Amino acid sequence: MKYVIIGSSAAGINAARELRRLDGACEIVLVSRDKEIYSRCILHEYLSGHRTVERLNFSGANFIEEYSINWMKGRDCTAVKPADHVIVLDGEDEVSYDKLLIATGSHTFYPPMIKNLLGSKNMVGFRNIEDIEVLKEVAKTCKNIVVMGSGLVGIDCTVGFLELGVKVTMVDFAGWMLNRQLDERAAKTYQDMFAARGVKQYFGVGMSEAIRDENDNIVECVLTNGVHLPCDFLVMTAGVRSNVEFLAGSGLETSRFGLVFDETGKTSDPDIYGAGDVSGLSPIWPVAVKEGIIAASNMAGVPRKMTDFFASKSTMNFLGLPSMSLGNANPEDDSYTVETRETEDTYKKIVHKNGRITGAILQGDLAYSGVLQQLIARKIDITKVKKPVFDIDYSDFFHVKENFEFYYED
């Protein structure tokens, strides 16, 4: 069996590892635009100088050799021909496959509706090694750096600059920082900490215009509320787009977000799978890892679904404050019950409905995360546990057999 994987980030690398585990005799071809394997989640540490390119590698130094992978690095996939079971690379080379995984991720999106933005010379994204090489030089001379976006990538970028002693201004159309992971209360703690470090922040506003000089460099960012921000360099971290342009003409189903695939990873073609950011729906690293494993398992004939895993989890630690979000911590309506517990240094929130926990936030103390993940994964009815939801422990839902084996009875 010949498996071809396009993309060498979280989904692609973990898929390759799983394929080799399940099929020791198979052929695995990895195609990637990148020439290095690295974690985008820690690019800020490369910006700050705390890590080398080698120390960004999350797969292990000898991964390619150990897993017997044919890595075609520095190559772009320009087309997919499902009827012929081949992909086309730059230079018109063709690579055949029995099963194909598309894990091409996403790219920085520069909104064309922002007046005078396109064509500006002093802006870049925060998506790859090449972006960081540019920003390393920017940090040496620029005094007014504007970061568009306050999600995980935007915060990583800001932290990287702070480590270099460079202060930035952060702008986000969302109402608060990390709005996909945290609620407004948990976000405010981070916002106050960043403000104390000199980071100016604008929430609930976007950018309407870039004012440029005669060399097409941005000198001011005009916000939708009329504020003019001085700008020596703009870093765009919001509004990424899936890398699906090369699928034009392939017949594969896509949505306005990206490649469409089901909970097994299968696309509209039975021999082609998808995983990770290419869907436009799963921007966090842990989900991409899980989707890569799921897709690889099904490609190898071992049925699995995303529902086999725990709820979506995001763990972060900015400025020394750890936080974790599980599931959806911002309920859609008042049919959900929301419970919180706070101390001077911690904040905990649990959202549940009909006895099942649907989301949670832990900030300052993550010790309860193991119990929470089990409660969510096993869909345990917490109404059957006669304790406050924050005091439940393993003994309340796990039992021990005579041979000391743990089990759970619904």
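Everything quoted here is computed from the prediction, not taken from an experiment.

**Observations regarding the overall build of the chain**
What the chain contains, in helices and strands, is eight helices and 25 strands. Taken over the C-alpha trace, the chain has a radius of gyration of 23 Å; the compact-globule value for 410 residues is 22 Å, and the two agree within 12%. The principal-axis extents of the C-alpha atoms in the chain amount to approximately 80 × 60 × 40 Å. Here the chain holds 410 residues, and 50% of them are scored as buried. Here the chain displays about 19100 Å² of accessible surface, and carbon together with sulfur accounts for 48% of that area. Positive and negative charge centroids in the chain, built from 44 and 57 side chains respectively, lie 2 Å apart.

**What to know about helix 4 (residues 129-141)**
Among the residues of helix 4, I129, D131, I132, L135, V138 and A139 are the ones counted as buried. Axial view of helix 4: buried residues confined to an arc of 165°, hence all on one face. Counted as exposed and oriented over 90 degrees from the buried face of helix 4: E130, K140 and T141. For helix 4, the elements touching its buried residues are helix 2 (43-47), strand 9 (123-124), strand 10 (145-148), helix 5 (152-163) and strand 16 (233-236).

**Examining unusual backbone geometry**
Notably, H85 is not glycine yet its phi reads approximately 55°, a positive angle. Looking at the element boundaries, H85 is found in the loop between strand 4 (77-81) and strand 5 (86-89). Phi angles above zero are rare outside glycine, and L178 is one such case at about 55°.

**Section: the sheet that holds strand 10**
With respect to topology, five strands assemble into an open sheet ordered 9-16-10-11-12, the strand pairing being parallel. Only two strands of the sheet have a single partner each, and these edge strands are strand 9 and strand 12 (200-203). The sheet contact formed by strand 10 and strand 11 (residues 168-172) spans four bridges and is parallel. In the sheet register, V146 faces strand 11, and the bridge partner there is T169.

**Concerning the side chain of D172**
Counting through the fold element by element, D172 comes out in strand 11. Buried within the structure, D172 lacks any salt-bridge partner; R180 is the closest side chain of opposite charge, at an N-O distance of 8.8 Å. Here the side chain of D172 touches S150 through a polar contact of 2.7 Å, side chain to side chain. Looking at D172, its side chain comes within polar contact range of the main-chain nitrogen of A174, at 2.8 Å. Not counting chain neighbours up to four residues away, the residues in contact with D172 comprise G149, S150, G151, Y202, F203, G204 and V205.

**Re the sheet that holds strand 20 (residues 321-327)**
Strand order in this open sheet of five strands is 19-20-23-22-21, and the pairing throughout is antiparallel. Two strands in the sheet have a free side with no partner beyond their single neighbour: strand 19 (313-318) and strand 21 (337-342). Going across the sheet, the axis of each strand differs from the next one's by a mean of 10°, ignoring polarity.

**What to know about the pairing of strand 22 (residues 347-353)**
Across the seven residues that make up strand 22, a large majority, six, are buried. In terms of strand pairing, strand 21 meets strand 22 through six bridges, oriented antiparallel. Each bridged residue has a counterpart across the sheet, and for E342 the counterpart in strand 22 is Y347. In sequence, strand 21 turns back onto strand 22 through a hairpin of four residues. As defined by bridge partners, strand 22 adjoins strand 23 (residues 356-363) across seven bridges and the pair is classed as antiparallel. Each bridged residue has a counterpart across the sheet, and for K348 the counterpart in strand 23 is L362. Two successive antiparallel strands, strand 22 and strand 23, enclose a turn made up of two residues, where N354 displays a positive phi of approximately 55°.

**Quick notes on the confidence of the model for the chain**
On average, residues of the chain score 92 in pLDDT, and 95% of them reach the 70 mark or higher. Low pLDDT (under 50) marks residues 400-408, which in the prediction has 15 contacts with non-local residues, meaning those over four places away or in another chain.

**Topic: the nonpolar core**
Core analysis: the largest hydrophobic core is formed by 41 residues, its most contacted members being L135, F161, Y190, F194 and V235. Those elements giving two or more residues to this core turn out to be helix 2, helix 4, strand 10, helix 5, strand 11, helix 6 (184-196), strand 16 and strand 19. With near-sequence residues (within four places) excluded, L135 lies in contact with L47, V124, G125, F126, F161, F233 and V235.

**Considering the pattern of salt bridges**
A side chain of one charge can pair with a side chain of the opposite charge if their charged atoms are brought near each other. Throughout the structure, instances matching the rule amount to 18 salt bridges. One salt bridge in this structure joins D271 and K99, with 2.8 Å as the shortest N-O distance. Taken together, the residues D271 in the loop between strand 17 (241-242) and strand 18 (272-274) and K99 in strand 7 (residues 99-102) connect sequence positions 172 residues apart. The buried category is assigned to D271, whose relative accessible area is 18%. For K99, a relative accessible area of 15% corresponds to the buried category.

**Points about the pairing of strand 1 (residues 2-6)**
Burial analysis of strand 1 places five of its five residues in the buried class, which makes it a mostly covered element. Side chains K2, V4 and I6 of strand 1 all project onto a buried face; the interleaved residues Y3 and I5 project onto the opposite face, where all are buried too. Sheet topology note: the strand 1/strand 2 (residues 27-32) ladder contains five bridges and is parallel. For Y3, the partnering residue across the bridge sits in strand 2 and is I28. Once the chain exits strand 1 it traverses helix 1 (residues 10-22) before rejoining the sheet at strand 2, and the crossover so formed is right-handed. As judged from the four bridges shared by strand 1 and strand 7, these two strands associate in the parallel manner. Looking at the pairing, V4 lines up with L100 of strand 7.

Here is what the cut-offs are and how they apply
Residues numbered from 1 in each chain as written. Predicted model: local features only at pLDDT ≥ 70, side-chain atom pairs only at ≥ 80, totals over all residues. Heavy atoms only, no water. Helix = DSSP H or I, 4+ residues; strand = E, 2+ residues; numbered from the N terminus. Rg over C-alpha atoms; globule rule 2.2 N^0.38 Å. Buried < 20%, exposed > 50% of the residue type's maximum accessible area, 1.4 Å probe, protein only. Areas by Shrake-Rupley, 256 points an atom, 1.4 Å probe, with all protein chains shown as cover. Lys, Arg positive; Asp, Glu negative; His and termini not counted. Charge placed at Lys NZ, Arg CZ, Asp CG, Glu CD. Arc of directions from axis to C-beta. Contact = heavy atoms within 4.5 Å. Pairing = 2+ DSSP bridges. Salt bridge = Lys/Arg side-chain N within 4 Å of Asp/Glu carboxyl O. Polar contact = N/O pair within 3.5 Å; in protein donor to acceptor, adjacent residues only side chain to side chain. Axes fitted to C-alpha atoms, helices over the stretch in contact; angles between N-to-C directions. pLDDT = per-residue confidence, 0-100. Core = buried A, V, L, I, M, F, W, Y, C linked by side-chain atoms within 4.5 Å. Right-handed = clockwise from strand over helix to strand, strands pointing away.

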